[in-house]
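# Structure assessment
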Amino acid sequence: MECVVQGIIETKHVEALEILLQGLCGVHRDSLRIHELCLKSVPNLGLVSSEVRLLCDLEQPEPTWTVRHIGGAMRGAGAEQISVLVRTMAESKVSQNALRLFYALGYKLDHELLRVGFAFHFNSGAPITVTVSSVNKMLKLHATDEAVPVTPGIQLVEVTAPASSENYTEVAKSMSSFCEYLAPLLHLSKPGVSTGVVPTAAAAAASLMSDGGGTTL
């Protein structure tokens with residue numbers, strides 16, 4: 001299970017966001033270059049179709065693979081009262097033969113993306129990860145070197161934290177408090193809720209670029 005919020009930021013303000021995150025975190029960023037393949041199974045014999053994502057970390061000297069399954073979001077009054085999305089999520093390291101295995105199991109490639117950017121890791125009441133990345137599409141199958149931005153000039157920001165059925169409310173509070181530090185640059189909300197760029201971003205970015213950061217958490 002995990003808690004997650006997302007937002008967008010103009011590429012011209014990403015450097016200011018990095019300065020802010022590094023000031024809050026106190027450590028350097030991790031570079032990010034992920035080839036993501038979304039696979040879907042075809043409904044068969046009454047079974048419900050499922051979706052998995054294969055993630056290939058291209059930043060490693062020898063690319064490593066992870067399989068991730070994202071389940072449904074928590075529903076009900078409790079879910080409506082918190083500002084983050086709580087959803088089931090399971091992932092595991094796999095070998096480079098995983099794609100061949102899923103094809104053999106009847107899965108089909110739905111789409112693939114290349115995410116390029118960076119990530120910061122915090123411990124602010126909960127282990128929080130912030131990823132900032134441009135999302136790129138492939139013009140040819142698996143041709144990561146020829147990927148082009150899906151939304152030029154815009155980057156995706158995602159904040160996630162692991163949670164359980166016992167502590168998700170506390171994790172959600174920690175994430176909400178953390179997201180307040182980023183509010184002048186971008187608005188973070190539940191995935192699927194479009195909020196656009198914030199009008200204060202340019203002024204906040206200029207201020208961060210001039211003073212060079214913030215207070216370490």
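Since this is a predicted model, take the numbers as computed values, not measurements. (Residues numbered from 1 in each chain as written. Predicted model: local features only at pLDDT ≥ 70, side-chain atom pairs only at ≥ 80, totals over all residues. Heavy atoms only, no water.)

## A word on the overall build of the protein
A count of helices and strands for the protein gives 5 helices and 9 strands. For the protein, the α and β elements follow one another from N to C terminus as β-α-β-β-β-α-β-α-β-β-β-β-α-α. Relative to the 2.2 N^0.38 estimate, which gives 17 Å for 217 residues, the radius of gyration of the protein is 18 Å and therefore close to what a compact globule would have. With the principal axes as the frame, the protein shows a C-alpha extent of 60 × 45 × 30 Å. Split into buried and exposed, the 217 residues of the protein put 40% on the buried side. Counting contacts in the protein only where the partners sit at least 6 residues apart, residues at least 24 apart contribute 67% of the total. (Helix = DSSP H or I, 4+ residues; strand = E, 2+ residues; numbered from the N terminus. Rg over C-alpha atoms; globule rule 2.2 N^0.38 Å. Buried < 20%, exposed > 50% of the residue type's maximum accessible area, 1.4 Å probe, protein only. Contact = heavy atoms within 4.5 Å.)

## Some points on the packing of aromatic side chains
Applying the stated criterion across every chain yields a total of 4 aromatic pairs. Geometrically, the ring pair formed by F118 and F120 is edge-to-face, given 5.8 Å between the ring centres and 85 degrees between the ring planes. Assigned by exposure class, F118 and F120 land together as buried. Taken together, a centroid distance of 4.7 Å and an interplanar angle of 55 degrees make the contact between F122 and F178 tilted. (Phe/Tyr/Trp six-rings, centres within 6.5 Å; stacked < 30°, edge-to-face > 60°.)

## Focus: the pattern of salt bridges
This structure, assessed with the given rule, holds 10 salt bridges. R87 serves as the salt-bridge partner of E2, at 2.8 Å between the closest nitrogen and oxygen. Placement of E2 in strand β1 (residues 2-10) and of R87 in strand β5 (residues 85-94) is noted, with a sequence separation of 85 residues between them. Given a relative accessible area of 12%, R87 falls into the buried group. (Salt bridge = Lys/Arg side-chain N within 4 Å of Asp/Glu carboxyl O.)

## Some words on helix α1 (residues 14-25)
When the terminal C-alpha atoms of α1 are compared, their 16 Å separation across 12 residues agrees well with the 16 Å that a helix rising 1.5 Å per residue should span. Residues of α1 that are buried in the fold lie against β1, β6 (107-123), β7 (127-137), β9 (154-162), α4 (168-182) and α5 (201-211). Within two residues after α1, G26 carries a phi angle of roughly 85 degrees, on the positive side. (Expected span 1.5 Å × (residues − 1).)

## Quick word on the environment of S50
By secondary structure assignment, the location of S50 is in the loop between β2 (30-41) and β3 (51-57). Since its relative accessible area comes to 25%, S50 is described here as partly exposed. Considering only alpha carbons, one finds S50 and S176, 126 residues apart in sequence, at a separation of 31 Å. Apart from the residues within four sequence positions on either side, S50 is in contact with L39, K40, S41 and Y107. Only 2.7 Å separates the side chain of S50 from the side chain of Y107, close enough to count as a polar contact. (Polar contact = N/O pair within 3.5 Å; in protein donor to acceptor, adjacent residues only side chain to side chain.)

## As for the side chain of S133
Within the fold, S133 resides in strand β7. Sequence-distant contacts of S133, that is, excluding residues within four places in its chain, are made with L32, R115, V116, G117, Q155 and L156.

## Details of the pairing of β7
The buried count for β7 comes to 8 of 11 residues, which makes it a mostly enclosed element. Where β6 folds back onto β7 in an antiparallel hairpin, the turn is made up of 3 residues, including G125, whose phi is positive at roughly 85 degrees. Pairing geometry for β7 and β9, over 5 bridges, is antiparallel. Across the sheet, T131 pairs through a bridge with E158, a residue of β9. (Pairing = 2+ DSSP bridges.)

## Focus on unusual backbone geometry
The phi dihedral of H142 falls on the positive side, at around 60 degrees, and the residue is not glycine. Mapped onto the elements of the fold, H142 is located in the loop between β7 and β8 (148-149).

## What about the pairing of strand β4 (residues 64-73)?
Across 5 bridges, the pairing between β3 and β4 is antiparallel. Residue L55 lies in a different strand from β4, and its bridge partner there is T66. Linkage of β3 to β4, two consecutive antiparallel strands, is achieved through a turn of 6 residues. As paired strands, β4 and β5 are joined by 7 bridges and run antiparallel to one another. Residue R68 lies in a different strand from β5, and its bridge partner there is E91.

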